[in-house]
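Residues per chain are reported as follows:
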Amino acid sequence: MRRYGIPTPAEGLATSQDEVVSLVKKIGTPVAMKIVSPDILHKTDAGGVVVGVDSEADAKDAYEKIIANAKKYDASATITGVQVQQMVGGGQEVIIGSVTDPTFGKVVAFGLGGVLVEVLKDITFRLAPLDRNEARSMVDGIKAAEVLQGARGAEPVDREALADVIQQVAALVTDFPEISEFDLNPVFATAEGACAADIRILLDDGEVTEPDRYSQQDILQVMNRMMNPRSVAVVGASAEDGKIGNSVMKNLQNGGFAGGIYPINPKATEILGYKAYPSITDVPGEIDVAIFTVPAKFVLAAIAECGAKGVSTAVLIPSGFAETGNVELQEEVVAAAKQHGVRLLGPNIYGYYYTPQNLCATFCTPYDVRGGVALTSQSGGIGMAILGYSRTTKMGVSAIVGLGNKSDIDEDDLLTYFEQDENTQCVAMHLEDLKDGKAFVETAKRMTKKKPVVVLKAGRTALGARAASSHTGALAGDDKVYDDVLRQAGVIRAPGLNDMLDYARGLPLMPTPKGENVVIITGAGGSGVLLSDACVEAGLSLMDIPPDLDEEFRRYIPPFGASGNPIDITGGEPPSTYEATIRLGLEDPRIHALILGYWHTIVTPPMVFAELTARVVNEARAKGIDKPVVASLAGDTEVEKASDYLFEHRIIAHPYTTERPVAVLGAKYRWARAAGLL
Ligand code: COA
C-alpha cells in the first residue's frame, strides 16, 4: 500500500508492553490492538481485538488480555505479537476493490461501504488501468454520489483522494496479475483524505492466459477481403431448390454480386449456370471468401483445402458445433483454420451482407437498401428482425453480419473494419457475450470517438443470461460490469431490440447537438408531460427559457397556451403557429435541440404538419443551422405516413409514442458526450 501511495492507518507490531507504550506514543490515542498470529484467522472470535484504547496504561492491559485470550483460544498457536494501529473513523465508509472478470479481466469497483453496498448494489466498475477522469467518474457515478458531495449540509469528502486510491488500486492489480481479488473495505473518506482500514488480497496461481490477438493491420487486411471479395466460393453449393447451398447461390447471383462465384460440389458440373468444381483447390484464380453450406462433419477437411487455396475467410453457416455441445469439433476446426491461415466467421450463422458490393452471402432474404448503418447479431432470429425492420423503415444499411458462435471473428474485428469504412456511419451490435472484452473495449473506445456504436446486450437478467449460455455455448458476464464497462468505452447500450434498431436508424440522420439545451414544442399538453418524462429518462436537460425568449414564443401562442418548457401551443392551432414556433426554436442559438409533440386535428392535418416542419427545418439548414429535431406524432393512421415523410427529411419522427423519438435523441446526446463533442 505504501509503495502505491494508498494511505493506511499508522501501525506497528509490539511483542512486549514496552513496545506497546512506545508505539502508542508515536501513533497517539486512541488505538486499536489486534492479535497477530498465522494460526488465528478470526481475530475477534479469539478475543484478539480491542478497540478504542485511550491511554498507555490501558494499552498495556489490552496487550496482556489479547495474548491471554489468544492462548486460551488456541494453546498451540504461534503468536507473532500484537498490532497497535491508529483508530480511524468518521466520514463515509466506502469500498474500493478489484475482481478478475471472466470477460474483461481486471476491473476495479467503487461503492459505499458497509451494508449499503450489499443491499443497494450501489457499486460501479471500470476496466483497469484507468485515467484520472475515469477514476473521478466512478466517485461521481454511484447512486449515492451526493452523500460524498456533502448532502444536506454535511461536509463533503475529499473526492480527489478517493479517485487517487481508485487509480492506484487499478495500477496495482494491473502490475500484479496474480491478484485475483482485492478489497479495501472499509476506506474511510473524510474532508481531509481517504484511509484504507482493512485490506484483503486473494491470489490465484498467477497464470494469465491472454486470448489470441491480431494486429489492427492484419484484421483490416482480412476484413477488407471479406467485405470486398474479388471472388467467393460456395462449399456445398447445390442445384436442388430449397437447400441452403442453393439459396446462398441464388442470393449471390440475384443480389448482383459482380465478383467471381464458384460453386464447390463433388457431384455437380454446373449449378445455376456457374461451372462447379469438386474441390476449392480445383478453382482457377484466387478466392477471398469460402461460404460453407455443408454439414458440420465435412467442415474440417474443407478448411485445409481453403488454406491451400489461400482463402482468407471461411463463412461457416452450418450448425452442430459448440452451441449443441460439440465443443470438440469446433475447437478442431478453429485449430485447423489457425494452422492454415484461414479466419472463421461463425459457425452457426445466417451469413452476411455488404451492400456496397451487392453481396448477399446468406440463405435468408436478400437486402439491397444501401446506407450508413452496419449491424451485427449473434443469432439468426435477431438478424432477420434487423432485416424486416430495415425494410419497413427503409433503413439504409451497409452491412448485416451474423456472428453465431464467434469461434474466431468477433465484434472487435468488425468494429476495426467499420471504423475506417466510409460506407458506415453507425454500428449496432446484438451480443450475448464478448469473447475478449478487453480487445472490444480498446477498439470501441477508439471507434466511438468517430462513429456511434449501439449495443444490445442480451442476458441482462439472470434468467436471460442462462438462456444465453445455452444458446452460444458461452457464459454471459455479470451485467453490471458489462453496463459500466460498455459506458466507459463510449458505447450506447440499448435496452431492447426495438431501441437498438431505432437508435441505429436515427443516429446517422441526426446532426450532433452543440449544447445541452433541449426544448419541447407541443400541441397537446398531455404529450408535453409525457415528453418531459421521456427527457428525464433519456438524460436530457430541458432548457430554462430566459424571459426574452419566453416573450418571443408568447407572441405566437394563444393566451390560454403555456410558455415555459414544454411550450404548449394548444390543440386548435393552425399550421402557421407550428411554423412560427418551430422557426423560432431553430433560429435562437441558445436552443440546441427540438422535440416536437404534434397531435392530429383537421385544422393542421398530419401531412400539413410534416411538410411545413420539413420545409422550415430545410430552410434553417440552408442557412447553416442544423439542430437535432425529433417528433412524436399522435393521431389517426395518417400520422404514420407523416412520420415516414419526416424521416425522409432527416427528422426523427415516430407515431403513437412519446418515448421513442426522445430516446433516440437521448442516445445521440450520450454518444456526443462520450465522444467529447459536447
Ligand atoms: N464439398 C462440397 N460439397 C459437398 C461436400 C464437400 N466436401 N460434401 C457434401 N457436399 C454437397 C452435398 O452433396 C450437397 O449437394 P447436393 O445437393 O448436390 O447433393 C451439398 O453439399 C449440401 O450437403 P447436404 O448433405 O445436402 O447438406 P444439407 O443441405 O442438407 O445441410 C446445412 C447442410 C449446412 C444446411 C446443415 O447441415 C445445417 O447446418 N443447417 C442449419 C443451418 C443453420 O441453421 N445455421 C444457423 C443460422 S442462424
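Position labels on residues start from 1 in each chain and follow its written sequence. Where totals are concerned, whole chains, interfaces and linings use all residues; where local detail is concerned, this predicted model gives features only for residues with pLDDT of at least 70, and gives and counts side-chain atom pairs only at 80 or more. The side-chain values count all of the structure's non-hydrogen atoms but skip hydrogen atoms and water molecules.

A word on the pattern of salt bridges
For side chains of opposite charge, pairing can occur when their charged atoms come near one another. Think of a salt bridge as a Lys or Arg side-chain nitrogen and an Asp or Glu carboxyl oxygen that are within 4 Å of each other. Per the counting criterion, the structure on display carries 38 salt bridges. The salt bridge partner of E134 is K445, with a shortest N-O separation of 3.0 Å. With E134 in helix α4 (residues 132–139) and K445 in helix α13 (residues 437–447), this residue pair connects regions lying 311 residues apart in the sequence. Residue class for E134 comes out buried when judged on its relative accessible area of 13%. When accessible area is computed with a 1.4 Å probe and restricted to protein chains, residues below 20% of their type maximum are described as buried, those above 50% as exposed, and intermediate ones as partly exposed. We classify K445 as partly exposed; its relative accessible area is 30%. The partner of D626 in a salt bridge is R650, and the shortest N-O contact between them spans 3.4 Å. Of this pair, D626 sits in the loop between α20 (606–622) and β29 (629–634) while R650 sits in the loop between α21 (638–648) and β30 (652–655), and the two are 24 residues apart along the sequence. On the basis of relative accessibility, which here comes to 24%, the residue D626 falls in the partly exposed class. Classification of R650 as partly exposed rests on a relative accessible area of 32%. Salt bridges sharing partners connect three or more residues here, namely D479, K480, D483, D484, R487 and R493. Labels follow the DSSP assignment, with helices taken as runs of H or I lasting at least four residues and strands as runs of E lasting at least two, numbered in each case from the N terminus.

A short note on the pairing of strand β16 (residues 313–316)
Judged by which residues are buried, β16 turns out to be covered on both faces: T313 and V315 on one side and A314 and L316 on the other are all buried. Strand pairing follows a simple DSSP-based rule, namely that at least 2 bridges must link the two strands. When strand β15 (residues 289–292) meets β16, the two strands line up parallel, connected through four bridges. Following the sheet pairing, F292 is matched in β16 by L316. With the strands aimed away from the viewer, a crossover counts as right-handed if its path from the first strand over the helix to the second runs clockwise. In this fold, β15 hands off to helix α9 (residues 299–309), which returns the chain to β16; that crossover is right-handed. The pairing of β16 with strand β17 (residues 343–345) spans three bridges and is parallel. Across the sheet, residue T313 finds its bridge partner in β17, namely R343. What joins β16 to β17 is helix α10 (residues 327–340), and the crossover it makes is right-handed.

Digging into a nonpolar patch on the surface
A cluster of nonpolar side chains, contributed by V49, V51 and M87, occupies part of the molecular surface with about 220 Å² of accessible area. In this structure, M87 sits in the loop between β4 (81–86) and β5 (92–101). For patch detection, residues must exceed 30% relative accessible area and be free of salt bridges, and they are connected within 9 Å for like charges or within 5 Å for nonpolar side chains (Val, Leu, Ile, Met, Phe, Trp, Tyr). Only the protein chains shown count as cover for residues, and the accessible areas themselves come from Shrake-Rupley with a 1.4 Å probe.

Looking at the confidence of the model for the protein
pLDDT measures how confident the predictor is about each residue, on a scale from 0 to 100. Averaged over the protein, the pLDDT score is 93; the fraction of residues at 70 or greater is 96%. Residue contacts are defined here by distance: any two heavy atoms, one from each residue, within 4.5 Å place the two residues in contact. Here residues 468–477 is modelled with pLDDT under 50, and outside its nearest four sequence neighbours on either side it reaches 23 contacts, counting other chains as well.

Observations regarding the pairing of β15
Neither face of β15 is open: one carries V289 and I291, the other A290 and F292, and all of them are buried. The pairing of strand β11 (residues 231–235) with β15 spans four bridges and is classified as parallel. The partner of V235 across the bridge, within β15, is F292.

Section: helix α12 (residues 411–420)
When you tally the buried positions in α12, you get nine out of 10 residues, the bulk of the element. All buried positions along α12 are accounted for by E411, D412, D413, L414, L415, T416, Y417, F418 and E419.

Notes on the domain arrangement of the protein
The domain architecture assigned to the protein consists of domain 1 (11–86), domain 2 (92–203), domain 3 (216–348), domain 4 (367–509) and domain 5 (512–674). Summarising the inter-unit geometry, the C-alpha centres of domain 2 and domain 3 are found 49 Å apart. The split of the chain into domains comes from an automatic or database domain assignment.

Overview of the environment of D212
Looking at the secondary structure, you find D212 in the loop between β10 (199–203) and α7 (216–227). Looking at D212, the relative accessible area reads 52%, which means it is exposed. Considered as a pair, D212 and I79 are 133 residues apart in the sequence and their alpha carbons are 48 Å apart. Think of a polar contact as two N or O atoms within 3.5 Å of one another; within protein, one of them needs to be a possible hydrogen donor and the other a possible acceptor, and neighboring residues in sequence only count if both atoms come from side chains. Only 2.3 Å separates the side chain of D212 from the side chain of K338, close enough to count as a polar contact.

Here we look at a negative patch on the surface
Taken together, the side chains of D54, D58, D61 and E64 define an acidic patch exposed on the protein surface. Looking at the element boundaries, D61 is found in helix α2 (residues 56–73). For D61, a relative accessible area of 51% gives the class exposed. This count recognises Lys and Arg as positive and Asp and Glu as negative, with His and chain-terminal groups excluded. Charged groups are reduced to one reference atom each: NZ for lysine, CZ for arginine, CG for aspartic acid, CD for glutamic acid.

Things to note about the nonpolar core
The criterion is simple. A nonpolar core is a set of buried Ala, Val, Leu, Ile, Met, Phe, Trp, Tyr and Cys residues joined through side-chain atoms within 4.5 Å. Counting residues in each nonpolar core, the largest one holds 56 residues, and the members touching the most others are I291, Y352, F418 and F440. For Y352, the residues in contact, after removing those within four places along its chain, are M226, M227, V289, V315, L345, L359, C360, A361, T362, I400 and V401. Core analysis: the next-biggest nonpolar cluster, separate from the first, contains 46 residues, Y367, L375, V397 and A667 among them.

Notes on the sheet that holds strand β1 (residues 11–14)
Across the sheet, four strands lie side by side as β1-β4-β2-β3; this open sheet has antiparallel pairing. Edge positions in the open sheet fall to β1 and β3 (49–53), since each of these has one partner strand only. Averaged over all neighbouring strand pairs, the angle between strand axes comes to 20°, with direction disregarded. One ladder, built from four bridges, connects β1 with β4; its direction is antiparallel. In the strand pairing of β4, E11 is matched with Q85. Most of the contacts of helix α1 (residues 17–27) go to β1, to which it runs at about 170°, and overall it touches β1, β2 (31–36) and β4. Throughout, an axis means a line fitted to C-alpha atoms (over the contacting stretch in the case of helices), and angles, computed between N-to-C directions, take values from 0 to 180 degrees.

Topic: the packing of aromatic side chains
Under the pairing criterion, centres of Phe, Tyr and Trp rings, with the six-membered ring standing for Trp, must be within 6.5 Å; the plane angle then separates stacked pairs below 30 degrees from edge-to-face pairs above 60, leaving the rest tilted. Evaluated as defined, the whole model comprises eight aromatic pairs. Judged by centre distance (5.8 Å) and plane angle (50°), the ring pair of Y578 and Y598 falls under tilted. With a gap of 20 residues between them, Y578 in helix α19 (residues 575–587) and Y598 in strand β28 (residues 593–599) connect regions that are remote in the sequence. Arranged with centres 5.2 Å apart and planes meeting at 65°, the rings of Y578 and F609 form a pair that is edge-to-face. Of this pair, Y578 sits in helix α19 while F609 sits in helix α20, placing them 31 residues apart in sequence. The burial state of Y578 is the same as that of F609; both residues are buried. For a lysine, the NZ atom is tested; for an arginine, the CZ atom; a charge sits over a ring if that atom is within 6 Å of the ring centre and within 35 degrees of the ring normal. We note R343 situated over the ring of Y214; from NZ or CZ to the ring centre the distance is 3.9 Å.

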